[in-house]
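# Report on the structure
Listed below, chain by chain, are the residues.
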Amino acid sequence: MHHRSNSLKQLALQKFKKNFWGVFSFCFISCVGVIAIFAYAFAPDNSQYANQMHLSIHSKSPGFKVTMLTLPSTTENAQNGFSRLFWGVKNSDTELPISSYEIQKDQLMYVAYASDGLKGEEKTVALERFPNRNVTPFITTKRFLFGTDKYGRDLLSRVLVGARISFFIGFIAVFISLCIGLVMGSLGGYFGGKIDAVIMWVINVTWSIPTLLLVIAITLALGKGFWQVFIAVGLTMWVEVARIVRGQIISAKELQYVTAAKALGYSHFRIITKHILPNIMAPVIVICAANFAGAILIESGLSFLGIGAQPPMASWGAMIKDHYNYIILGKPYLAVIPGVCIMTLVMAFMMVGNALRDALDVKGQ
């Protein structure tokens, strides 16, 4: 039996590898996961939440270049390398877009950047503000590959950092829904009777409430924030897992291996966890892949409504909310880029789910 189980796993893995779009989507999701974890290492703006604002260069097109003057801060931020890598740099320096600069005696004279052909304000800074009176390292040319948003922040950096919420909400929401769904579905399917009736009543009541409305209610009850959204989405997605598990257990508990386990005197807990659940996980895995995509869409909708991740935290849904009106103002990329990111990630999870469904299809082996 153990050899047979291993051979079925190998056959499923081989079948999955032959599915080009499934493997491609899995690789794409893995790349997004790496980017989400190490977002600040890839982002041009590695400040916390990629929140460096430059209002004078707001809503610039992709590929925009500008000369940037950095005024070093006198305060020191004690921050270790781990914190800088995973949570961004607590940057207290001031970045100023400039059009030109000139060094005269003990001062740096610069002209602030102004768009639409206007001339910016002329200002001066004492050279003593720079270490060793050396200005060169603090004047750089900065390119914005995806342009800037309406606050002058680097759009590429915001997209990379925003991938964290959309990616990790899938894992946390699916984990919560899996834990609740397995318990509720197992109890209802295995014991039946009044326990099953009560659980099915809870499932049907939860199922009858629109998902987004239920998430909004839970979010308002828990409060607005990062973790509250994750928990709220997870608490609304368990019903699908519970229904699948319940149906599978109702079919499996009448099979011979379950009857043999009962005859040997095994406890109900052992029969469910050691014998039934391992044999019914294939459809559960497929529904979890679909729930990943659903969680991403729900979070994006919540952020678009303003009750998801709160500013200045980067979120793809919030980026669409901030810039959807720019679609008719000639700069649709501000909303289209995060929208395409959501679409491609959701599509990748759906394709992986379809590939897993085909690979785990026992009748097709």
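Residues numbered from 1 in each chain as written. Predicted model: local features only at pLDDT ≥ 70, side-chain atom pairs only at ≥ 80, totals over all residues. Heavy atoms only, no water.

## Describing the overall build of the chain
Of the regular secondary structure elements, the chain holds 14 helices and five strands. The C-alpha radius of gyration of the chain comes to 27 Å, more than 25% above the 21 Å expected for a compact globule of 365 residues. Out of the 365 residues belonging to the chain, those deemed buried represent 43%. Of the contacts made within the chain by residues no fewer than 6 positions apart, 72% connect residues no fewer than 24 positions apart. Taken as a whole, the chain presents about 19,500 Å² of accessible surface, with 64% of it coming from carbon and sulfur. (Helix = DSSP H or I, 4+ residues; strand = E, 2+ residues; numbered from the N terminus. Rg over C-alpha atoms; globule rule 2.2 N^0.38 Å. Buried < 20%, exposed > 50% of the residue type's maximum accessible area, 1.4 Å probe, protein only. Contact = heavy atoms within 4.5 Å. Areas by Shrake-Rupley, 256 points an atom, 1.4 Å probe, with all protein chains shown as cover.)

## Some remarks on helix H11 (residues 268-276)
Those residues of H11 that fall on the buried side of the exposure criterion are Ile-271, Ile-272 and Ile-276. Projected onto a plane normal to the axis of H11, the buried residues spread over an arc of 95° and lie on a single side. Turned more than 90 degrees away from the buried face of H11 sit Phe-269 and Lys-274, all of them exposed. In this structure, the buried side of H11 is in contact with helix H5 (155-191), helix H9 (238-252) and helix H10 (256-263). (Arc of directions from axis to C-beta.)

## Digging into unusual backbone geometry
Along the chain, Pro-311 connects to Pro-312 via a cis peptide bond; the corresponding omega equals 5°. Even without a glycine there, the phi angle at Ala-50 is positive, about 50°. Within the secondary structure layout, Ala-50 lies in the loop between helix H3 (39-42) and strand E1 (64-71).

## A look at H5
With 37 residues, H5 extends 54 Å between its outermost C-alpha atoms, agreeing within 8% with the 54 Å of an ideal straight helix rising 1.5 Å per residue. Along H5, the largest kink reaches about 25° and is centred on Phe-168. Of all 37 residues in H5, 26 are buried, a share of seventy percent or more. (Expected span 1.5 Å × (residues − 1). Bend = angle between axes of the 7 residues up to and from the residue.)

## Remarks on the nonpolar core
Residues Val-245, Ile-276, Trp-316 and Phe-349 are the most contacted members of the largest nonpolar core, which totals 41 residues. For this core, the secondary structure elements donating two or more residues are helix H2 (20-37), H5, H9, H10, H11, helix H12 (281-305), helix H13 (316-323) and helix H14 (333-359). Looking at this core element by element, the count peaks at ten residues for H14. Counting 17 residues, the second-largest nonpolar core is a separate cluster that includes Ala-173, Phe-230, Ala-232 and Ala-295. (Core = buried A, V, L, I, M, F, W, Y, C linked by side-chain atoms within 4.5 Å.)

## Things to note about the layout of surface pockets
Computed from the structure, the second largest pocket encloses a volume of approximately 390 Å³. Taken together, 16 residues line the second largest pocket, and the ones lying closest to its centre are Phe-86, Trp-87, Arg-164, Phe-168 and Phe-226. Broken down by secondary-structure element, the contributors of at least two residues to the lining of the second largest pocket are helix H4 (81-87), H5 and helix H8 (226-236). The element best represented in the lining of the second largest pocket is H5, accounting for six residues. Among the residues making up the lining of the second largest pocket, the classes are represented as 14 nonpolar, one polar and one charged. (1 Å grid on protein atoms, 1.4 Å probe; cavity = no way out; pocket = protein on both sides within 12 Å on 5 of 7 lines; lining within 4 Å. Points joined across faces, edges and corners; volume = space filled by probe spheres on them. Nonpolar A, V, L, I, M, F, W, Y, C, P; charged D, E, K, R; others polar.)

## Some thoughts on the packing of H5 against H9
Running from N to C, H5 and H9 point in directions that differ by 35°, and their axes come no closer than 7 Å. As H5 runs across H9, the sense of the crossing is right-handed. For the pair H5 and H9, contact is made by Ser-177, Leu-178, Ile-180, Gly-181, Leu-182, Met-184, Gly-185, Ser-186, Gly-188, Gly-189 and Tyr-190 and by Trp-238, Val-241, Ala-242, Val-245, Arg-246, Ile-249 and Ile-250, respectively. Among the residues forming the contact of H5 with H9, the class breakdown is eleven nonpolar, six polar and one charged. (Axes fitted to C-alpha atoms, helices over the stretch in contact; angles between N-to-C directions. Left-handed = near helix turned anticlockwise from the far one by under 90°.)

## Considerations on the side chain of Arg-164
Mapped onto the elements of the fold, Arg-164 is located in helix H5. Notably, Arg-164 is buried but unbridged: the nearest opposite-charge side chain belongs to Glu-299, and the N-O separation is 13 Å. Ignoring any residue separated from it by four or fewer positions in sequence, one finds Arg-164 in contact with Ala-36, Ile-37, Ala-39, Tyr-40, Leu-85, Phe-86, Trp-87 and Ile-169. (Lys, Arg positive; Asp, Glu negative; His and termini not counted. Salt bridge = Lys/Arg side-chain N within 4 Å of Asp/Glu carboxyl O.)

## Structural notes on a nonpolar patch on the surface
A cluster of nonpolar residues, Leu-212, Phe-304, Leu-305, Tyr-324, Ile-327, Ile-328 and Leu-329, forms a patch on the protein surface that exposes about 740 Å² of accessible area. Within the secondary structure, Tyr-324 sits in the loop between H13 and H14. (Patch = residues over 30% accessible without salt bridge, like charges linked within 9 Å, V, L, I, M, F, W, Y side chains within 5 Å.)

## Examining the sheet that holds strand E2 (residues 94-104)
Each strand in a sheet pairs with another by means of backbone hydrogen bonds, the pair being arranged parallel or else antiparallel. Pairing in this open sheet of five strands is antiparallel, and the strands run E4-E3-E2-E1-E5 from one edge to the other. For this open sheet the edge positions go to strand E4 (122-126) and strand E5 (139-144), each flanked by a neighbour on one side alone. Ignoring which end each strand starts from, the neighbouring axes of this sheet average 50° apart. Relative to E4, strand E3 (residues 107-112) is paired through five bridges, and the arrangement is antiparallel. When the sheet's bridge partners are listed, Gln-107 is paired in E4 with Ala-126. (Pairing = 2+ DSSP bridges.)

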